[in-house]
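# An overview of the molecular structure
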Amino acid sequence: MAAGKYDFTIEQGSSFKLSLIYKDSSETPINITGWCARLIWTTSKGIVQVFSTTNVDYTLYKFTITGAEGKLLLQFPASVTNNFLFDSAKYDLELESPSAMYSGGGKEIIRLIFGGVKIIRRNSDTLLSCQP
């Protein structure tokens, strides 16, 4: 199955979530337990950034897989999106299987979606901070 094209927008200085469920042709979620995922983009300024489910530093982003449900969730806190200083990016989101496709063939790689990311700039660089 060919990867789907999906463009999305991130508002600078706002929390962001990208959620999707990997399904088969009959709309049944595909179990991706044990798989890993990565989203890699190249910004309009030529900077390559990689976001992976193997990340354990959740101060920058959190990328999780709920395997039995086929669900992927990528989250950026507002403090991170506030520092996105590019206008756009092109990205690929891929899955990698936990085992070899066949003996000597390496792990299976599936490109799920690809497309463009647009950043909507803030009018201020000061983040909201409500104090009690």
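Residues numbered from 1 in each chain as written. Predicted model: local features only at pLDDT ≥ 70, side-chain atom pairs only at ≥ 80, totals over all residues. Heavy atoms only, no water.

### A word on the overall build of the protein
Spelled out, the test is: Runs of E in the DSSP output that reach at least two residues are strands. Runs of H or I that reach at least four are helices, and both are numbered from the N terminus. Relative accessible area decides the class of each residue, using a 1.4 Å probe on protein chains only: under 20% of the type maximum gives buried, over 50% gives exposed, and in between gives partly exposed.
The secondary structure content of the protein amounts to one helix and nine strands. Its helices and strands taken in sequence order, the protein reads β-β-β-β-β-β-β-α-β-β from the N to the C terminus. Dimensions of the protein along its principal axes, counting C-alpha atoms only, are 55 × 35 × 30 Å. Scored against the burial criterion, the 132 residues of the protein give a buried share of 34%.

### Thoughts on the packing of aromatic side chains
Stated formally: Two rings from Phe, Tyr or Trp (for Trp, the six-membered ring) form a pair when their centres are within 6.5 Å of each other. A pair whose planes differ by under 30 degrees is stacked, one over 60 is edge-to-face, and the rest are tilted.
Enumeration according to the criterion identifies 13 aromatic pairs in this entry. Each ring, one from Tyr-6 and one from Phe-8, has its centre 6.1 Å from the other, and the planes form 25 degrees; the classification is stacked. On the accessibility criterion, Phe-8 (6% relative accessible area) is buried. Seen from their ring centres, Trp-41 and Phe-51 are 4.9 Å apart, and the 70 degrees between their planes marks the pair as edge-to-face. One end of the pair, Trp-41, is in strand S4 (residues 36–43); the other, Phe-51, is in strand S5 (residues 48–52), with 10 residues separating them in the sequence. Each member of the pair, Trp-41 as well as Phe-51, carries the same accessibility label: buried.

### What to know about the pairing of strand S7 (residues 71–76)
To be explicit about the condition: What makes two strands pair is DSSP finding at least two bridges between them.
Inspection of the sheet shows strand S3 (residues 16–21) paired to S7 by six bridges, in the antiparallel sense. When the bridges of S7 are listed, Lys-17 appears paired with Gln-75. Note: strand S6 (residues 62–66) against S7, five bridges, orientation antiparallel. In the sheet register, Thr-64 faces S7, and the bridge partner there is Leu-73.

### Here's the deal with the pattern of salt bridges
Test applied: Salt bridges, as used here, are contacts in which a Lys or Arg side-chain nitrogen is within 4 Å of a carboxyl oxygen on Asp or Glu.
In total, this model carries five salt bridges according to the counting rule given. Between Asp-7 and Lys-5 there is a salt bridge whose closest N-O contact spans 3.0 Å. By relative accessible area, Lys-5 is classed as exposed at 56%. Put simply, Glu-27 and Lys-23 hold a salt bridge, and the shortest N to O gap is 3.7 Å.

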